[in-house]
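Spelled out, the chains give:
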Amino acid sequence: MSKIQILRTPETCFAQLPDYAFTPNYIDLDDADFGPLRMHYLDEGPKNGAVIVLLHGEPTWSFLYRKMIPRLAGAGFRVLAPDFIGFGKSDKIADRNAYSYKGHVEWMKQWLGTLSLSGINLFGQDWGGLIGLRLVAEQPELFDRVMIGNTALPTGDQDLGEAFKQWRTYSQTTDNFNIGNIILRGTARGLSDDEVAAYNAPFPHEEFKAGARAFPMLVPASPQDPAAADQRAAWQSLMQFDKPFLTCFSDKDMIMRGGEAIFKKRVPGAANQPHFITRNAAHFFQEDAGPHLAERFDEFIRNS
């Protein structure tokens, strides 16, 4: 059993969250290396409704979906939004080397299995796409539809681009990894001071940020990356995925803009879908256009 410290953000840190009056839910994940890890998730709307899973990215948490959840739950869906291990109200491992791409996928597979979820309508952005698409590829029978934006599924065979390389370097070297300000800079509309504080809330001290620091280094950057083989296998599966698959990337995301093309070309389920570009929206487009995205997701589920 590992002696690595497991951290849990005090509930008092989440006392003043704007527009986040959701009931917390928790399960314990079994991990052979770290023991039980508590994962937090939201579970809103009727329990017999069609299942929606909203997966956040880096370095956000389920707070990112506060503008989408009421619209979707009010439409009769069961809406689940987990916090990845290392983020939000979930436990945090205080060593960035303890995180791996495969580890995140396995934690999420365990979460899906524990809740016995099926017939899933997945929405993924950023790492919510990187992890979510692996889940779809490895367990396609659990998913009915997929909607993604501002994400990718790199195999390490492509150059990640200068902007992303600079982000990786910054994430590993800056002394002040100010998560709230990072998210602020990734929006088009901006954030209030309270919203910035809400994104900082899960990380009261530097040691709580190990998972957030780790994520940029887990994106496969070379063919020899530990995740590369699994990524190539995932693509082989997705190239057979013929269930409805919709892209909704943003016009002001300078890193991911245009990333929808490969999915539209290679995923059979993307054919003849109402793909769209989210206008006046940057990387964290849930902040810029949350209600619009929820409406389009609702329409996608009902019409496909």
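Predicted, not measured: the structure shown is a model, and the values here were computed from it. (Residues numbered from 1 in each chain as written. Predicted model: local features only at pLDDT ≥ 70, side-chain atom pairs only at ≥ 80, totals over all residues. Heavy atoms only, no water.)

A. Spotlight on the overall build of the protein. A tally of helices and strands in the protein yields 10 helices and 9 strands. Overall, the protein is about 50 × 45 × 40 Å in size when its C-alpha atoms are taken along their principal axes. Pairs at least 24 apart in sequence give 77% of the contacts found in the protein among residues at least 6 apart. Of the roughly 12,300 Å² that the protein leaves accessible, carbon and sulfur atoms contribute 48%. (Helix = DSSP H or I, 4+ residues; strand = E, 2+ residues; numbered from the N terminus. Contact = heavy atoms within 4.5 Å. Areas by Shrake-Rupley, 256 points an atom, 1.4 Å probe, with all protein chains shown as cover.)

B. Spotlight on the layout of surface pockets. There is about 980 Å³ of room inside the largest pocket. Along the walls of the largest pocket sit 37 residues, with Phe164, Asp253, Ile255, Met256 and His283 positioned nearest its centre. Elements supplying a minimum of two residues to the lining of the largest pocket: α3 (127–138), α4 (162–173), α5 (179–185) and α9 (260–266). Among the elements that line the lining of the largest pocket, the one with the most residues is α4, at 5 residues. Grouping the amino acids of the lining of the largest pocket by side-chain chemistry returns 22 nonpolar, 8 polar and 7 charged. Here the second largest pocket is characterised by a volume of approximately 160 Å³. Considering the residues around the second largest pocket, the lining is formed by Asp30, Asp31, Ala32, Asp33, Phe34, Ala98, Tyr99, Ser100, Gly103, Glu106, Trp107 and Gln110. For the lining of the second largest pocket, a count of residues per class yields 5 nonpolar, 3 polar and 4 charged. (1 Å grid on protein atoms, 1.4 Å probe; cavity = no way out; pocket = protein on both sides within 12 Å on 5 of 7 lines; lining within 4 Å. Points joined across faces, edges and corners; volume = space filled by probe spheres on them. Nonpolar A, V, L, I, M, F, W, Y, C, P; charged D, E, K, R; others polar.)

C. Looking closely at the packing of aromatic side chains. Per the stated rule, a full pass over the model turns up 21 aromatic pairs. A network of ring pairs unites the aromatic residues Phe14, Tyr20, Phe22, Trp61, Phe63 and Tyr199 as a single cluster. The ring centre of tyrosine 26 lies 3.8 Å from the NZ or CZ of arginine 38, which sits over that ring. When the ring centre of tyrosine 101 is taken as reference, the NZ or CZ atom of arginine 134 above it lies at 4.8 Å. (Phe/Tyr/Trp six-rings, centres within 6.5 Å; stacked < 30°, edge-to-face > 60°. Lys NZ or Arg CZ within 6 Å of the ring centre and 35° of its normal.)

D. Quick look at α3. Relative to the 16 Å expected for 12 residues at 1.5 Å per residue, α3 spans 16 Å between its end C-alpha atoms, a close match to the ideal helical length. When you tally the buried positions in α3, you get 11 out of 12 residues, the bulk of the element. Taken together, the buried positions of α3 are Trp127, Gly128, Gly129, Leu130, Ile131, Gly132, Leu133, Arg134, Leu135, Val136 and Ala137. (Expected span 1.5 Å × (residues − 1). Buried < 20%, exposed > 50% of the residue type's maximum accessible area, 1.4 Å probe, protein only.)

E. Unusual backbone geometry, seen in detail. The step from glutamate 58 to proline 59 runs through a cis peptide bond, and the omega angle for that step is -5°. Along the chain, proline 59 turns up in the loop between β4 (51–55) and α1 (69–74). Notably, asparagine 150 is not glycine yet its phi reads approximately 55°, a positive angle. Take asparagine 150: it is sitting in the loop between β8 (143–149) and α4.

F. Spotlight on the sheet that holds strand β7 (residues 120–125). Read from one edge to the other, the open sheet built from 7 strands follows the order β2-β3-β5-β4-β7-β8-β9, with strand pairing classed as mixed. Unpaired on one side and paired on the other, β2 (25–29) and β9 (245–247) mark the two borders of the sheet. When the angles between neighbouring strand axes are averaged without regard to direction, this sheet yields 20°. Across the sheet, helix α2 (residues 101–114) touches β2, β3 (37–44), β4, β5 (78–82), β7 and β8, and the angle it forms with β2 is around 120°. Strand contacts of α3: β4, β7, β8 and β9, with the helix running at about 145° to β7, the strand carrying the most contacts. (Pairing = 2+ DSSP bridges. Axes fitted to C-alpha atoms, helices over the stretch in contact; angles between N-to-C directions.)

G. Structural context of the environment of glycine 35. Looking at the element boundaries, glycine 35 is found in the loop between β2 and β3. Judged by relative accessible area, which is 7%, glycine 35 ranks as buried. On a C-alpha basis, the gap between glycine 35 and isoleucine 6 in space is 9.4 Å, while along the polypeptide they are 29 residues apart.

H. Quick look at the environment of glutamine 236. Along the chain, the position of glutamine 236 falls in helix α8 (residues 228–238). Given the relative accessible area of 51%, glutamine 236 is considered exposed. Along the sequence, glutamine 236 and alanine 137 sit 99 residues apart, while their C-alpha atoms lie 8.2 Å from each other.

I. Structural detail: the pattern of salt bridges. Taken as a whole, this structure holds 19 salt bridges when the rule is applied. Note that arginine 66 is salt-bridged to glutamate 195, the shortest N-O span being 2.8 Å. You can see arginine 66 sitting in the loop between β4 and α1 and its partner glutamate 195 sitting in helix α6 (residues 193–200), a full 129 residues away along the chain. With relative accessibility at 3%, the residue arginine 66 sits in the buried group. Of the charged contacts, one joins arginine 71 and aspartate 298 as a salt bridge, the two residues approaching to 2.8 Å between their closest N and O atoms. Taken together, the residues arginine 71 in helix α1 and aspartate 298 in helix α10 (residues 285–303) connect sequence positions 227 residues apart. Each member of the salt-bridge network shares a partner with another, and the members are Arg66, Lys67, Arg189, Glu195 and Glu287. (Salt bridge = Lys/Arg side-chain N within 4 Å of Asp/Glu carboxyl O.)

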